[in-house]
Amino acid sequence: MNLTKGKMASLGLQHVLAMYAGAVIVPLIVGASIGLTNEQLTYLISIDILMCGVASILQVWKNRFTGIGLPVVLGCTFTAVGPIIAIGNNYGITSVYGSILVSGLIVVLIAKFFSKLIKFFPPVVTGSVVTIIGITLIPVAMNDLAGGEGSADFGSFTNLALGFGTLIVILIIFRFGKGFVQAIAILLGILLGTVTAFFMGMVDLSPVAESTWLHLPTPFHFGTPEFHLTPILTMTLVAIVSLVESTGVYFALGDICDKKLEDKDLERGYRAEGVAIIFGGLFNSFPYTTFSQNVGLIQLSGVRTNNVIYTAGVMLILLGLVPKIGALTLVIPNAVLGGAMVAMFGMVIAYGIKMLTNVDFSSQENLLIVACSVGMGLGVTVVPEIFAGLPESLKILTESGIVIGSLTAICLNVIFNFRKKDQSNMTDSEKAA
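The name given to the protein in an unreviewed UniProt entry is Purine permease, and the organism recorded there is Gracilibacillus thailandensis. If you open the UniProt record of the protein and go to Sequence similarities (unreviewed entry), you find "Belongs to the nucleobase:cation symporter-2 (NCS2) (TC 2.A.40) family." Entered under Subcellular location (unreviewed entry) in the UniProt record, the comment concerning the protein runs "Cell membrane".

What follows is the structure, encoded as structure tokens:
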């Protein structure tokens, strides 16, 4: 597809809108939970969006030391929300950023070693992980479609009509549109949904009026970072878990882009993620990981060029520098975003299933790996309080369906398939012995 500057901008904006809500919700939750003022919260949201752009460009730009070189969009990881709140309330916000800085440095140092673990991620694992990611994101989409969790009009007919109407518009455009129009079906659906919501009196323009025109990032905005062992260990574990999540996304994108990933590619990708985390610590933002919702968008649009992600990265940086422009995306009603997310997140599930078609399902072991990992991921997502009685240090592994589902797939693959592979490489005499 020949992309003009206008088309490139539209596709880039589509990626920004796809990840914006997920990126903004983390600073909103964290800021409210650790008692930040409105001024501090404004900085936190702006710098988070700016650093999402920097981190994405850093990951897409493949060079000798960093960058996976795939159309990856990075955003702050949801896995870190609980630990950051706990550290902030127990040790203070400066300890949060000290632990983020050290965890990023550790990721950079272990990137080469972690990339050697590629054998732990065969299709049965990566396909399961991508499927789990999509499944665990669907509740987020449905909550938004109904008006946003905790909203006074949650599940109202108006929200449902707007959300499902947006989804239907996207499907119609995708069915009857061709070429570029089909590629930006998600963006057009969101725009039409927002215009409809405006005439229904559901669009609040006050965030645009109240925000400033310029906001410059400053290192250590919240003070000199402090370093405590427990927070450092906690954030390091969060960072490693994020690498596991990112690995599934890397392989999904590698498959979509017809690129076979090698150890060196993964090493550069992990190292770029570590550098992004360090930047997050320096400018008082968050740890970053790959955003799977954008994988679904790439699959839907069929546009796989890195230039679109570069464009999205520049847009995110500009949004972070100019809060008034960034606030325009806040006027999109939750129901409209939710309707679009159903298509995008559902596409992530579909792609995970497609990856699983490469698995030998004549093997009962592989069936069991998929069954248990997807079951655990969905189970924890639906019943998050199941592990509420565990110690805080273990909750990092158990409170996320993505994390526990991914770890289940990895561990079961080692138990069921590694011994079998070792035996297949042995000679007859060695087997007899």
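Read on, since the account is not over.
Any details on the overall build of the protein? Residues and values, ideally.
Counting its regular elements, the protein contains 19 helices and two strands. Every one of the 433 residues in the protein was classed for burial, and the buried ones make up 54%. Contacts spanning at least 24 positions in sequence make up 84% of the contacts within the protein whose residues lie at least 6 apart. Here the protein has roughly 18500 Å² of accessible surface; of this, 67% comes from carbon and sulfur atoms.

Before we move on, can you summarise the pattern of salt bridges with the specific residues and values?
Applying the stated rule across the entire model yields seven salt bridges. Here K62 and D265 are joined by a salt bridge, their closest N and O atoms 3.3 Å apart. Of the two residues, K62 is situated in the loop between helix 2 (38-60) and strand 1 (74-76) and D265 in helix 11 (residues 263-282); the sequence distance between them amounts to 203 residues. The residue R271 makes a salt bridge to E267 at a minimum N-O spacing of 2.4 Å. With R271 and E267 both in helix 11 and four residues apart, this pair spans about one turn of that helix. Of the two residues, R271 and E267, neither departs from the other in class, the shared state being buried. Salt bridges linked by common partners bring K62, K259, D265 and R268 together as one network.

Please provide a residue-by-residue account of the environment of G302, values included.
With respect to the helices and strands, the residue G302 is situated in the loop between helix 12 (293-301) and helix 13 (306-321). The exposure class assigned to G302 is exposed, which follows from its relative accessible area of 51%. As for G302 and I256, which are separated by 46 residues in sequence, their C-alpha atoms are 9.0 Å apart.

Requested: an account of a nonpolar patch on the surface, with residues and values cited.
Together, M142, L160, F164, I168, I172 and F176 give the surface a local cluster of nonpolar side chains, amounting to about 560 Å² of exposed area. The element that contributes the greatest number of residues to the nonpolar patch is helix 6 (residues 157-176), accounting for five residues. Here M142 is to be found in helix 5 (residues 123-145). By relative accessible area, which is 38% here, M142 ends up partly exposed.

If you had to explain the packing of aromatic side chains to someone new, which residues and values would you point to?
A complete count under the given rule lists four aromatic pairs for this structure. A centroid spacing of 5.6 Å and a plane angle of 80 degrees characterise the contact between F198 and F199, whose relative ring orientation is edge-to-face. Here F198 falls in the partly exposed class, since its relative accessible area comes to 46%. Ring geometry for Y250 and Y270: centres 6.0 Å apart, planes at 45 degrees, overall tilted. Residue Y250 is found in helix 10 (residues 229-256), and its partner Y270 is found in helix 11; the two are separated by 20 residues along the sequence.

Describe the environment of P287, and please don't skip the residues or the numbers.
Note that P287 resides in the loop between helix 11 and strand 2 (288-290). Residue P287 is classed as buried on the basis of its relative accessible area of 4%. Among residues more than four places away in sequence, those in contact with P287 are G75, C76, T77, A80, I84, I100, M235 and I277.

An account of helix 11 is needed here, citing residue identities and associated values.
In this model helix 11 runs 29 Å from its N-terminal to its C-terminal C-alpha over 20 residues, within 8% of the 28 Å that 1.5 Å per residue would give. Burial within helix 11 is extensive, with 14 of its 20 residues counted as buried.

Explain the nonpolar core to me, and be specific about the residues and the numbers.
Core analysis: the biggest nonpolar cluster contains 111 residues, and V30, I84, I186, I190, L253, Y288 and M344 have the highest contact counts within it. Sort the elements by how many residues they give to this core and helix 15 (residues 334-356) lands first, with 13 residues. Not counting residues within four places of it along the chain, the set of residues in contact with I84 comprises V30, V96, I100, M235, F286 and P287. Judged by nonpolar contacts, the second largest core, of five residues, contains L3, M8, L11 and V303.

Calculation notes
Residues numbered from 1 in each chain as written. Predicted model: local features only at pLDDT ≥ 70, side-chain atom pairs only at ≥ 80, totals over all residues. Heavy atoms only, no water. UniProt positions renumbered as here; feature names shortened; annotations may be inferred. Helix = DSSP H or I, 4+ residues; strand = E, 2+ residues; numbered from the N terminus. Buried < 20%, exposed > 50% of the residue type's maximum accessible area, 1.4 Å probe, protein only. Contact = heavy atoms within 4.5 Å. Areas by Shrake-Rupley, 256 points an atom, 1.4 Å probe, with all protein chains shown as cover. Salt bridge = Lys/Arg side-chain N within 4 Å of Asp/Glu carboxyl O. Patch = residues over 30% accessible without salt bridge, like charges linked within 9 Å, V, L, I, M, F, W, Y side chains within 5 Å. Phe/Tyr/Trp six-rings, centres within 6.5 Å; stacked < 30°, edge-to-face > 60°. Expected span 1.5 Å × (residues − 1). Core = buried A, V, L, I, M, F, W, Y, C linked by side-chain atoms within 4.5 Å.

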